[in-house]
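Residues per chain are reported as follows:
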Amino acid sequence: MDQLTTDGWRFTASENDEYVPILHDCIATRIEIAGRELRLFFPEGFRLLPNDPHNPYDTPLPTKAGLLVFTLFFEPDELFQPDDMVRMEVFHDYWLRPYRLFRRSLPLFTVRKKPTLARLTEKINSRKWKLEFYDKYKHYEMGYLYEGVLYETTRRYHEFRFEIDCRDARYYWNDVSDEPERQY
């Protein structure tokens, strides 16, 4: 089974369902755009909440490998490019010297970069970048806003914001882990 297709997965959940997996601390290592779909592959899967019917434990339960598929509003063509529907910002704080204000260290300045979807796809699929997701927000009834950390192979990391205009987001996975996550 090809990992980036929606065929052959045992379980599925939509953002419109009552029980939705969460992406907190989940890492995407592959990305693909095919027609109206943007697909992200998570080799370590997602987290199922304790009230999910697939989770028999009282703590979050990780799934095994998973796929997240966004259905875009329009198929990319001359009028609508993927970068019109998927936007990303990468932030990096530079600390050139100690700078304190109200007993807190503050960055001297922040650099924002906006990689194109083609560059993002190329860097992730060549394993130079990985995306670790932290937070998700429903965005204007038209899509989602994700925040997290982008890791580079050079051991540098940057905060990112990933905004996508889409009709739906569907999660696919085959199995759940045998043990729940430990509570610290």
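As the structure is a prediction and not an experimental result, all values here were calculated from the model. (Residues numbered from 1 in each chain as written. Predicted model: local features only at pLDDT ≥ 70, side-chain atom pairs only at ≥ 80, totals over all residues. Heavy atoms only, no water.)

Some thoughts on the overall build of the protein chain
Line of reasoning, step 1. The helix and strand tally for the protein chain stands at two helices and 14 strands.
Line of reasoning, step 2. Out of the 184 residues belonging to the protein chain, those deemed buried represent 39%.
Line of reasoning, step 3. Summed over all atoms, the accessible surface of the protein chain reaches about 11300 Å², with 49% contributed by carbon and sulfur. (Helix = DSSP H or I, 4+ residues; strand = E, 2+ residues; numbered from the N terminus. Buried < 20%, exposed > 50% of the residue type's maximum accessible area, 1.4 Å probe, protein only. Areas by Shrake-Rupley, 256 points an atom, 1.4 Å probe, with all protein chains shown as cover.)

Remarks on the side chain of Asp-168
Line of reasoning, step 1. Residue position: Asp-168 is located in strand E14 (residues 157–173).
Line of reasoning, step 2. Note on Asp-168: relative accessible area 14%, which makes it buried.
Line of reasoning, step 3. Within the structure, the side chain of Asp-168 is placed 2.8 Å from the side chain of Ser-14, a separation counted as a polar contact.
Line of reasoning, step 4. Those residues in contact with Asp-168 that sit more than four places away from it in its chain are Ser-14, Glu-15, Asn-16, Val-69, Phe-70 and Thr-71. (Polar contact = N/O pair within 3.5 Å; in protein donor to acceptor, adjacent residues only side chain to side chain. Contact = heavy atoms within 4.5 Å.)

Thoughts on the packing of aromatic side chains
Line of reasoning, step 1. Scanning all chains against the criterion turns up nine aromatic pairs.
Line of reasoning, step 2. Between Phe-133 and Tyr-146, the aromatic rings sit 5.5 Å apart at their centres with planes inclined by 80°, giving edge-to-face as the arrangement. With Phe-133 in strand E12 (residues 129–139) and Tyr-146 in strand E13 (residues 143–152), this pair connects stretches of sequence that are 13 residues apart.
Line of reasoning, step 3. Three or more aromatic residues link up through ring pairs in this structure, and these residues are Phe-42, Phe-46, Phe-70, Phe-133, Tyr-144, Tyr-146, Phe-160, Phe-162 and Tyr-171. (Phe/Tyr/Trp six-rings, centres within 6.5 Å; stacked < 30°, edge-to-face > 60°.)

Some points on the confidence of the model for the protein chain
Line of reasoning, step 1. The predicted model of the protein chain averages 83 in pLDDT, with 85% of residues at 70 or higher.
Line of reasoning, step 2. When pLDDT is averaged over each element of the protein chain, strand E2 (residues 26–28) comes out on top at 94 and strand E9 (residues 100–101) at the bottom at 55. (pLDDT = per-residue confidence, 0-100.)

Let's talk about a positive patch on the surface
Line of reasoning, step 1. Taken together, the side chains of Lys-113, Arg-119, Lys-128 and Arg-156 present a region of like positive charge at the surface.
Line of reasoning, step 2. Its location among the elements puts Arg-156 in the loop between E13 and E14. (Patch = residues over 30% accessible without salt bridge, like charges linked within 9 Å, V, L, I, M, F, W, Y side chains within 5 Å. Salt bridge = Lys/Arg side-chain N within 4 Å of Asp/Glu carboxyl O. Lys, Arg positive; Asp, Glu negative; His and termini not counted. Charge placed at Lys NZ, Arg CZ, Asp CG, Glu CD.)

Here we look at the layout of surface pockets
Line of reasoning, step 1. Looking at the largest pocket, its volume works out to about 280 Å³.
Line of reasoning, step 2. Within the residue set of the lining of the largest pocket, elements represented by two or more residues are strand E8 (86–94), strand E11 (109–113), helix H2 (117–125) and E13.
Line of reasoning, step 3. For the lining of the largest pocket, the element with the most residues is E8, which contributes four residues.
Line of reasoning, step 4. Here the lining of the largest pocket is composed, by residue class, of seven nonpolar, four polar and seven charged. (1 Å grid on protein atoms, 1.4 Å probe; cavity = no way out; pocket = protein on both sides within 12 Å on 5 of 7 lines; lining within 4 Å. Points joined across faces, edges and corners; volume = space filled by probe spheres on them. Nonpolar A, V, L, I, M, F, W, Y, C, P; charged D, E, K, R; others polar.)

Details of the environment of Pro-21
Line of reasoning, step 1. Tracing the backbone shows Pro-21 in the loop between strand E1 (11–14) and E2.
Line of reasoning, step 2. C-alpha of Pro-21 to C-alpha of Tyr-171: the two residues are 150 residues apart in sequence and 7.4 Å apart in space.
Line of reasoning, step 3. Excluding residues that lie within four positions of it along the chain, Pro-21 makes contacts with Ala-13, Phe-46, Arg-47, Leu-48, Tyr-171 and Trp-173.

Side note on the pairing of strand E4 (residues 37–42)
For a regular strand, the rule is simple: side chains alternate between the two faces of the sheet.
Line of reasoning, step 1. Taken across its six residues, E4 has five buried, putting it largely inside the fold.
Line of reasoning, step 2. Where strand E3 (residues 30–34) and E4 come together, five bridges link them in antiparallel fashion. Across the sheet, Ile-33 pairs through a bridge with Leu-38, a residue of E4. (Pairing = 2+ DSSP bridges.)

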